[in-house]
Amino acid sequence: MNHWLIAPIAIPLLGGILQTFMGYAPISLRRTLAITTSVLVLVASIVLVGLADDGSYRVYAFGNWQPPFGIVLVLDRLAALMLVLTSVLAVFAHIFSIGGADEGNRQFHTLFLFQIMGLNIAFLTGDLFNLFVAFEVLLIASYSLLMHGGGTIRTVPGLHYVALNLVGSAIFLIAVGMIYSVTGTLNMADLAVKIPQVTGENLALVKAGAMMLLVVFGLKAAILPLCFWLPKAYAKATAPVAALFAIMTKVGVYAIIRVYVLIFGEGAGELASLGMDWLFPLALITLAMGVVGALGANNLKTLIAWQVIISVGTLLAPVALGSEAGVSAALFYLLSTTWTVAGLFLVAELVAIQRGSAGDRIVTAPKMPHRTLISVLFMIGAVSAAGLPPLSGFFGKVLILKSVETGPQMAWLWSVLLIGSFLTLIAYSRAGSILFWRTIDGHIKPPEPMKGVVSVSTGALIGLTVVIVAFAGPINEYTVATAAQLFDTSAYTQILETPVFGGKN
Amino acid sequence: MSPITEYIVSALLIVGGAFTLVGAIGLARLPDFFTRLHGPTKATTVGVGAIMLSSVIYFSSHGFGISEILITVFLFMTAPVSANMLAKAAMHMGVKSMKGTQGNPWEQ
Amino acid sequence: MSLPLVVLLPFLGAIAAPLFAQGGRTAIAIASSVPALIALAALFPHWATLADGGVVLHSFEWLPAIGISFSFRLDGLALMFALLILIIGLLIIIYAHYYLKATENVRKFYSLLLCFKGSMLGIVLSGNLLLMLIFWEITSLTSFLLISFWTHKQDARRGARMALAVTGGGGLALLAGILIIGNIVGSFELDDVLAAGDLIKAHAMYPVALTLVLLGAFTKSAQFPFHFWLPHAMQAPTPVSAYLHSATMVKAGIFLMARLYPALAGTELWFYMVSFTGMATLLIGAYTAMFKHDLKGLLAHSTVSHLGLITLLFGMGTKLAAVAALFHVINHATFKASLFMAAGIIDHETGTRDMRRINGLWRYMPHTATLAMVAASSMAGVPLLNGFLSKEMFFAESLALNLPGLWAWLPPIVATLAGIFAVAYSARFIHDVFFNGKPVNLPIYPPHEPPRYMKFPVEILVFACIMVGMFPAISVGPLLFSAAQATLGGAVPDYQLAVMHGINLPLMMSLAAFVGGLLMYSQRQRFFDFHARFKEVDEKAIFEALLMRVEGFTHRLTARIENGSLQRYAMLMVVSVIAVSIAPIMELGIFVGSNGLSPIDWPTALGAGFLIVSALATAFVHRERFTALVLLSVVGLMVALAFARFSAPDLAMTQLSVEVVTMVLLMLALYYMPSWTPIETPKTRRVRDIVLALLAGTGMTLITLAMLTQPFTSISEFFLENSKPGGGGTNVVNVILVDFRGFDTLGEITVLAIAAMGIYAMLKNTALTPPPGDGQGHTWTRDAYPLMLKQVARPMLPMALMVSAYIFLRGHNLPGGGFIAGLITSVALVIQYVANGMIWTQDRVGIKYHNVIGLGLLFATIAGAASLAFSYPFLTSTFGYITWPVVGKFEVASALIFDLGVYLAVIGATMLILVSIGRISPHSAIKSTGGKS
Amino acid sequence: MMTTALYLTIAMVMVAALLNVYRLIKGPDAPDRVLALDTLYINAIAMIILLGIAFNSRMYLESGLLIAVMGFVSTVAMAKYLKRGSVIE
Amino acid sequence: MELVFALAIGALTTSGVYLLLRARTFPVVMGLTLLSYGVNLFLFASGRLSTAQQPILGTAESYSDPLPQALVLTAIVIGFAMTAFVVVLSLRNLADNDDDHVDGCPPVQPAKKKQEQEETGK
Amino acid sequence: MFDRLNFPQPWLSLVLFSTWQFLSDGISGASVVMGLLLAWIIPQITHGFWPERPAFVKVWRMPMFVLIVVWDILVASCKVAVLILNPRPPKPVFVNYPLQLEHPLAISLLASTISLTPGTVSADVSDDNKTLLIHALDAESEQEVIDAIHKRYEKPLMEMFR
């Protein structure tokens, strides 16, 4: 039992608790502590990647109860990958926030840290109901963060976001209930063992439950027709929050990968590959819808918000095909797209700040200060997001394209993905050329000088796309190994046989 | 359980049930709000009280435990307040009192 | 090692060159030339290998999973292109040094130019198709930035965007094509691909792959119908046009065809696709060039035409044609680059490029005029110049083409026709600009010769034109040979590079072209009139309009679909759930499992009836909000009773207490809201909603029925067995909550805490004006704190605390626990707020609820973390029995501390939520003690 | 004997609840509904105690205690809403 | 008995879904509350129905499944937090938009419907 | 520390202590210790919430009073039951009862008592705490109600509260 496993949960929890007590402490102190916490989470995540890379499953049994009875955290490559992905993103978004976005709400850092905690629980947990709890933690934190920063523009999107996700939570519970009512267990490993043995009418029950679960995950991942809460909510959120939200849809993707590979994967007997025939076309339509939205967007943040949806479609299409290569490719792309999109949200914020009243609307406005830096960052981000070489988005997409086997699905995926990339490129070039180049004379109120933390964190996040390219080899090896590990479900179910730390039972 | 306690318990139960029912009938058929207010706030207190007592006696054979009494105590504390608040609300809203009522409710 | 270096150097230069900006423009220009010089030097030693048809390969592994490697491959073809890129690149830098004004952003210019150069070199030197594609797309991106270098010009921006859209899009098609090829061959290494030509051509996917690859090549090389981007890319500074459109960007597509020639060419499909595209482009370009008044426009369309020519040659599929194509690549690069530079000089010195205004420049700038005239002659195909040679070869090949029947006449006729146009527009270039009367209304007058060394690059290129034209075998013979060898993959046909091949049919065609061209030029006015009768197709306007259309359409479509209506989104959600689960539910039908139905017990059924009636009534009367709320309360109560009825005392208690708090919460909210809901949705919508709701309800009923009657076994046996020995409590539900699944509970109180803090923050600056009355004509009473309520609130607090202490302490063994206790305490506090008002109570509470929440979470976490000290996992509980003298046996469980955390967090969160909402009320702000007391 | 009495009582309480629900739905005024709800709460206490007797278990008593302690709060809140609007101020 | 229970859950779901699809925040909140009642009952039912088998050791011969009960307890608490949040959010919506429509402001209505609204609504 | 070791509201503490004994499963060492502890701690926490301390005198009369009330409840319940079941409509009266009690707790107690005894409900207390509005379900006249209440309930209460 390795206590590092709870570090990504315990650290932000303690950090968050500390922050609750410090509502009236000087802001510099709060910031320092909060950033320290984020960085510690990152360190812990990196340690966990190191641990996970040996390909074994590490189990952390809360309360020292043998799974499937107690709740377990399970660390594998996928979980570790998601943790690092999240904590890197979180650190930079967090650093960005201390540029001033954290003002106005004394609990901003608390919420931010709890959000990280929720995400980390979701990635580590090996228990279906605990996944629900994790979802709720991260959702409630995200609701609050979304509303952070005041103003009236966030209210309605926030309301929609909350209301729909509440329905989602209700469906999640129903689905959990159905699955429990047949299998009598909640532990994912145990479910993976028991689902193949389901027969008769129970099959229909589990099927209905699993399909509902897919709807829930689909809602979190924002696939069509469940994605409409996203664009406005993300576009209206405060920049670091929107950046952090880039990971939120990926939680849905993660859950789909985890649950539908492990529990309803190839080994699930009659329920094998359940729902994937729905998911594939939906993913493609989602991608297309994202592109349409991106083309029609009239402000930068909305454009990027639709990019989130494009990413989701791109990610889920190969996942739905259920091949190891597809999952591996999707994971590679996941890494790239999450950071890039988050970086783009930050860039959009810089644009909005620098352009005064024009904000991030794609209209002609006086020339903005710091144009060169911001435009370069935007360009890098846009190129990566559109999937053009030489940045990481390209490699992700190539991997995805390559992962499909020849057949009608390939034709669909290729054409949608490539035409989508093309149209995205047009959308970005249009937005970029108008925002940065089409200027009119006139003065805008000189904005506040761009703070170092703000530009550095944005640059760092955007720059990660280059880093991914530089380390594409090792990263790809890792994702390939991750996919291989994922599909070897029997190794996962081994955790049931591994006895917990001595003492009780 | 001895037969006597059984009788007592049964009797109390019936009494309690009867008063509860009567209270509800009052609520259902009395003509105006203020008269209806009498039904539940009383008959039910007696009703619940009797049922409570039967429970105390019934379980006394199993062992000591009279937390039911507390329920009654709390009910007796709170029921008048509910009635008071409701009456105030009704007077405020100008709920009509039945014909033939002597005196007037206060203007709120 | 040298090959990667060649590619890398310009990129390094791009980073380094701006650093020299301090040293002035000359320094940066010199710094920018250095990479090319080194690269040339680095390529030189390989000549020996290449001359014999050898190949230099430098390869490093990169991403074997994709099949991409850093593999660089130099052969004759690559060398030819690399030399063009490097040498013309060098000349362009010199030229640009004089061309750019001091005020312009030279750093950006050189940096981008070097990036572009590097990526072009990358394309030609890549030994891996994917690597090539990467550079391919980088050229699209850098050219986008170069074309839009003058970002303030709308035309430049639009031209750049168009170029990016076309070439970048083509690149994506190319990507697909390459991936298919890679799939067929099993490798992206150029060596493997070139060796697998037959395999590829025989494969079922060959047509797809070919189409996609050609799509890439055609877009890049501005082939019809994708040619329109090129003329508009002329908005770039002239050095850029000169570079992009002579030797580099547009030649990338040509290069691609040459590169993949062994792998893809030689089929009918190839022939028809490539040659006909080339033919069309050749004609259209030549024809359009004739009518352009813009100097650069003329050159641009002529470029299109020449690119068509080269494409046509490749399309013919004969080996000789391929040689001719390669030869023309060199020739076109030299004369077109020089022409562009000359045009730039003219533009620079006169301030305009309109040929209707610039006339008779011979008098002002004879030197430039001479150079331009030589180059233009080469373009026209005048003998003794290089253009003539390749054109002759082209004519010869067009004659050699064996098309069936009358079709055989098509290529020579097209070729001659194009030749006529070429002569005509070249003549126009020469005559209009340098003779033809006097200049008209020039912005800069009088024009004069440019700085001496601005002409230097032109001189070099013109010299090359002449040299090649006169001594082809000596000057380019070996290079062409090795390039041809590389392109054709081995055997090079017999060909002769001579100035004259004697009097033959091609020469006659040339002659015809000459006469025809000059004739056409002399009669140009008629042609202009003829041309003017057609509306000129402005591709850019169409493209922009199309873009606007697409943008507008997508915007409207998005607005239509994502219409901001929660009702629709929620409907979609419900429909989705129904859609995915309807099949299994139908399969299930009205299914009663093997456990069967238990007998109905009437009181319970009646209670369920109340629940059903109240639930439906809530929906039915929801417009009367208060009534609906009362009904909702009944539902809540019935749910609690149902829990009690079916053996869940803990749940019943929890439900009851939550119910009360929820009601208070909703009442608090309702105060600010209208008490009536208007009818807004049309009837059809309501019917639809009812249908959806009924479907959902029926589905749930069927599922529940099936679920309840099916037997099952669960892991719960374990909990029942281990609760006492392992968790030290007899209330199994509570032991699960604080021990077996304590982590869930920790998450749950975190949710509560976050919700409370979020609510607090959200309401902090919210100002709401409550309605003055209840909407039915009653204004609110002044009586805020009724006496009886206040008096009963006094003893209620300690008594309720007592009860909650009791519920809390017994929770581990009997129904109860921290959560319920917390809610009781909260309700007791709520009574204080209701009875005494916000400020009165707040004064007496004397602790910030934030801190209570924090403490709660802290206790729970510490209780969980304590076990870490004994290296047991988080949340491992322990318990023991202590026997005190009087007290007796007393159980102490660490889970109790955890539960205390829950208790505190619940109080803090609940109170913070309720108080935050209560605080919006303006009453509390104005009067501290209101009403009667 | 006791069983019969118990069932009889349960029946009477259920009928009483039914009458309450009738009043609750019929109204006519908001205070009537709240009064019916309040009474229903008290009936619920009775039901819970009867349930305890029927199941021969004291585990349910605390639910009744909870209603006694807390149930009136929602009545009070509703009544206060009706006349004052603001419940906590 | 199971059928009655199932029907109750069905009724809760029906009402909940119907109210969820309304255009004003308050009915939506009530709908969500009803829905969560239904869901809680459903989750509870996944452990099957049992009479007088409360999972308190030593108080009954056999015990009902305690796990769904614990899950429902968690779900109730979370549901409460979420309900509170959505209630407050609808208050914010009201404050910011001066209207309690779920989309901030009601869509423009044809005159005919307005008339109907005046006739039937108050 | 030790100077706070007192009971700020001894009567309350007593009530709380006995409440605990009611709640506990029988009186035992543990329940007594715990009861004492809670009876001490809770008033410490809550005494701020009870600013107007009741001044009890002659508390021993309390049990007698409670008994009277309980008896009245029983008797009157039957009367009301008859009234409800009787098809004759009742004759309700709004009574303005002049209060002699002054302590708010005493008034509240009286009002509660009135409400608890069937047939009468205290509907409101006037702003100046001088008048109590009582609704009687079935009474001949106002004075009849006033006299009965004054004699049976207000007087004993006046003796207990000073």
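Values in this document were obtained by computation on a predicted structure and should not be read as measured data.

## As for the overall build of chain D
Phase 1: Per the secondary structure count, chain D includes three helices and zero strands.
Phase 2: Sequence-ordered secondary structure for chain D, helices as α and strands as β, is α-α-α.
Phase 3: In terms of C-alpha radius of gyration, chain D reaches 15 Å, well past the compact-globule figure of 12 Å for 89 residues.
Phase 4: By principal-axis analysis of the C-alpha atoms, chain D measures approximately 50 × 25 × 10 Å.
Phase 5: Here chain D, with 89 residues, has 82% of them falling under the buried criterion.
Phase 6: Across chain D, every contact between residues at least 6 apart in sequence was considered, and the portion connecting residues at least 24 apart equals 45%.
Phase 7: Per element, the accessible surface of chain D, about 1800 Å² overall, is 69% carbon and sulfur.
Phase 8: Charged side chains in chain D number 7 positive and 5 negative. The centres of these two groups are separated by 3 Å.

## A short note on the overall build of chain B
Phase 1: Looking only at helices and strands, chain B features four helices and zero strands.
Phase 2: Within chain B, the proportion of its 108 residues that are buried is 67%.
Phase 3: Look at the contacts in chain B between residues 6 or more apart in sequence, and 67% of them connect residues 24 or more apart.
Phase 4: For chain B, the computed accessible surface area is about 3500 Å², with 65% contributed by carbon and sulfur atoms.

## Observations regarding the interface of chain D and chain E
Phase 1: Across the contact, four residues belong to chain D and five residues belong to chain E.
Phase 2: Of the roughly 350 Å² buried at the junction of chain D and chain E (both faces included), carbon and sulfur atoms supply 73%.
Phase 3: Looking only at chain D, the three residues that lose the most surface to chain E are Phe55, Met59 and Tyr60 of chain D, adding up to 88% of its buried area.
Phase 4: Counting the contacts that link chain D with chain E gives zero salt bridges.
Phase 5: Applying the counting rule to chain D against chain E returns two residue pairs in polar contact (both at pLDDT 80 or more).
Phase 6: Taken together, the residues that form the side of chain D that touches chain E break down as three nonpolar, one polar and no charged.

## A few points about a positive patch on the surface
Residue and element names in this part refer to chain C.
Phase 1: Taken together, the side chains of Arg549, Arg556, Arg560 and Arg568 define a basic patch exposed on the protein surface.
Phase 2: Broken down by element, the positive patch gets its largest block of residues, three residues, from helix α26 (residues 539-561).
Phase 3: For Arg549, the position within the fold is in helix α26.
Phase 4: Looking at Arg549, the relative accessible area reads 65%, which means it is exposed.

## Overview of the side chain of Asp99 of chain E
All names here are of chain E.
Phase 1: Take Asp99: it is sitting in the loop between α3 (66-97) and α4 (111-120).
Phase 2: A distance of 2.8 Å separates polar atoms of two side chains, one belonging to Asp99 and the other to Arg24.
Phase 3: Apart from residues no more than four positions distant in its own chain, Asp99 is found in contact with Arg24, Asn93, Leu94, Gly104, Cys105 and Pro106.

## A closer look at the UniProt feature "transmembrane region" (unreviewed entry) in chain B
Phase 1: UniProt annotation of "transmembrane region" (unreviewed entry) refers to residues 6-28, 40-60 and 66-87 of chain B when read in the numbering used here.
Phase 2: End-to-end, the C-alpha atoms of residues 6-28 of chain B are 32 Å apart, and along that stretch the chain is 100% helix and 0% strand.

## A closer look at the side chain of Asp100 of chain E
Phase 1: Among the secondary structure elements, Asp100 of chain E is positioned in the loop between α3 and α4.
Phase 2: Judged by its relative accessible area of 2%, Asp100 of chain E is buried.
Phase 3: Of note is the side chain of Asp100 of chain E, whose polar atom sits 2.7 Å from the side chain of Arg625 of chain C.
Phase 4: Of note is the side chain of Asp100 of chain E, whose polar atom sits 2.6 Å from the side chain of Arg24 of chain E.

## Details of the interface of chain C and chain E
Phase 1: In this assembly, 113 residues from chain C lie in contact with 88 residues from chain E.
Phase 2: For the pair chain C and chain E, the two sides together bury roughly 8900 Å², of which 77% comes from carbon and sulfur.
Phase 3: Among the residues chain C hides against chain E, the three largest losses belong to Phe646, Glu680 and Leu708 of chain C. Together they make up 8% of the total.
Phase 4: Here chain C and chain E share two salt bridges between them.
Phase 5: In this structure, Arg22 of chain E and Asp689 of chain C form a salt bridge, with 2.1 Å as the shortest nitrogen-oxygen distance.
Phase 6: Broken down by element, the residue count for the side of chain C that touches chain E peaks at 16 residues, all from helix α31 (residues 683-709) of chain C.

## Observations concerning the UniProt feature "transmembrane region" (unreviewed entry) in chain D
Phase 1: Following the UniProt record, one finds the feature "transmembrane region" (unreviewed entry) at residues 6-22, 34-55 and 61-82 of chain D.
Phase 2: Regarding residues 34-55 of chain D, the helix share stands at 100% and the strand share at 0%, and the terminal C-alpha atoms are separated by 31 Å.

## Regarding the packing of aromatic side chains
Phase 1: Taken as a whole and assessed by the stated rule, the structure comprises 62 aromatic pairs over all chains.
Phase 2: Geometrically, the ring pair formed by Tyr806 of chain C and Trp20 of chain F is edge-to-face, given 6.0 Å between the ring centres and 85° between the ring planes. Here the residue Tyr806 of chain C occupies a position in helix α35 (residues 787-810), and Trp20 of chain F occupies one in helix α1 (residues 10-23), the pair thus bridging two chains. Trp20 of chain F carries the same exposure label as Tyr806 of chain C, and that label is buried.
Phase 3: By the ring-pair criterion, three or more aromatic residues cluster together here, those being Phe129, Phe132, Phe135, Phe172, Phe217, Tyr260 and Phe264 of chain A.

## Observations regarding helix α34 (residues 742-763) of chain C
Phase 1: Taking 1.5 Å of rise per residue, the 22 residues of α34 of chain C would be expected to cover 32 Å, and the 32 Å separating its terminal C-alpha atoms lies within 8% of that figure.
Phase 2: Buried residues dominate α34 of chain C, accounting for 22 of its 22 residues.

## Observations concerning the environment of Leu57 of chain E
Phase 1: As for its position among the elements, Leu57 of chain E is in the loop between α2 (25-45) and α3.
Phase 2: Its relative accessible area of 17% is what places Leu57 of chain E among the buried residues.

## What about the nonpolar core?
A general trend in soluble globular proteins is that nonpolar side chains are found buried together.
Phase 1: By size, the foremost hydrophobic cluster in this structure holds 768 residues, and its most contacted members are Phe264 of chain A together with Trp270 and Phe314 of chain C.
Phase 2: Those residues in contact with Phe314 of chain C that sit more than four places away from it in its chain are Ile254, Met257, Ala258, Tyr261, Trp270, Val274, Ala322, Ala325, Leu326 and Thr487 of chain C.

## Looking at the pattern of salt bridges
Side chains that carry opposite charge are capable of pairing whenever their charged atoms lie near each other.
Phase 1: Applying the stated rule across the entire model yields 36 salt bridges over all chains.
Phase 2: Linked through salt bridges whose partners overlap, the residues forming this network are Arg73, Asp75, Asp191 and Arg259 of chain C.

## What to know about the pairing of strand β2 (residues 72-75) of chain A
All names here are of chain A.
Phase 1: Of the two faces of β2, the one holding Val72 and Val74 and the one holding Leu73 and Leu75 are both buried throughout.
Phase 2: Note that strand β1 (residues 58-61) and β2 share four bridges and pair antiparallel. Bridging across to β2, Val59 finds its partner in Val74.

## Structural notes on the sheet that holds strand β3 (residues 131-136) of chain F
Phase 1: Strands sit in the order β1-β3-β2 (chain F) across an open sheet of three strands; the sheet is antiparallel. What marks the edges here is a single partner per strand, and that holds for β1 (93-98) and β2 (120-125) of chain F. Direction aside, the axes of adjacent strands within the sheet are offset by 30° on average.
Phase 2: Contacts from helix α4 (residues 67-93) of chain B reach β2 and β3 of chain F within the one sheet, and its direction differs from that of β2 of chain F by about 65°.

## Some details on the environment of Arg25 of chain C
Phase 1: Along the chain, Arg25 of chain C turns up in helix α2 (residues 24-43).
Phase 2: Filtering out sequence-adjacent residues up to four positions away, Arg25 of chain C remains in contact with His97, Tyr98, Leu100, Lys101, Ala102 and Val106 of chain C.

## Some thoughts on unusual backbone geometry
All names here are of chain A.
Phase 1: Put simply, Pro67 and Pro68 share a cis peptide bond, and its omega is 10°.
Phase 2: Its location among the elements puts Pro68 in the loop between β1 and β2.
Phase 3: Going from Pro389 to Pro390, the amide bond is cis rather than trans, its omega being 5°.
Phase 4: Here Pro390 shows up in the loop between α15 (371-386) and α16 (392-403).

## As for the confidence of the model for chain D
Phase 1: The predicted model of chain D has a mean per-residue pLDDT of 88, with 100% of residues at 70 or higher.
Phase 2: For this predicted complex, the interface confidence comes out at an ipTM of 0.93, alongside a pTM of 0.91.

## Looking at the packing of helix α13 (residues 249-259) of chain C against helix α16 (residues 295-316) of chain C
Residue and element names in this part refer to chain C.
Phase 1: Contact pair α13 / α16: the axes reach a minimum separation of 10 Å and the direction vectors enclose 0°. In terms of axis orientation, α13 runs roughly parallel to α16. Where α13 abuts α16, its residues Val250, Lys251, Ile254, Met257 and Ala258 lie against Thr303, Leu307, Ile310, Thr311 and Phe314.
Phase 2: Residue composition of the contact of α13 with α16, by class: seven nonpolar, two polar and one charged.

Conventions and cut-offs
- Residues numbered from 1 in each chain as written.
- Chains lettered and ligands numbered in written order.
- Predicted model: local features only at pLDDT ≥ 70, side-chain atom pairs only at ≥ 80, totals over all residues.
- Heavy atoms only, no water.
- Helix = DSSP H or I, 4+ residues; strand = E, 2+ residues; numbered from the N terminus.
- Rg over C-alpha atoms; globule rule 2.2 N^0.38 Å.
- Buried < 20%, exposed > 50% of the residue type's maximum accessible area, 1.4 Å probe, protein only.
- Contact = heavy atoms within 4.5 Å.
- Areas by Shrake-Rupley, 256 points an atom, 1.4 Å probe, with all protein chains shown as cover.
- Lys, Arg positive; Asp, Glu negative; His and termini not counted.
- Charge placed at Lys NZ, Arg CZ, Asp CG, Glu CD.
- Buried area = accessible area lost by both parts, 1.4 Å probe.
- Salt bridge = Lys/Arg side-chain N within 4 Å of Asp/Glu carboxyl O.
- Polar contact = N/O pair within 3.5 Å; in protein donor to acceptor, adjacent residues only side chain to side chain.
- Nonpolar A, V, L, I, M, F, W, Y, C, P; charged D, E, K, R; others polar.
- Patch = residues over 30% accessible without salt bridge, like charges linked within 9 Å, V, L, I, M, F, W, Y side chains within 5 Å.
- UniProt positions renumbered as here; feature names shortened; annotations may be inferred.
- Phe/Tyr/Trp six-rings, centres within 6.5 Å; stacked < 30°, edge-to-face > 60°.
- Expected span 1.5 Å × (residues − 1).
- Core = buried A, V, L, I, M, F, W, Y, C linked by side-chain atoms within 4.5 Å.
- Pairing = 2+ DSSP bridges.
- Axes fitted to C-alpha atoms, helices over the stretch in contact; angles between N-to-C directions.
- pLDDT = per-residue confidence, 0-100.
- Parallel < 35°, antiparallel > 145°, perpendicular 65-115°, else oblique.

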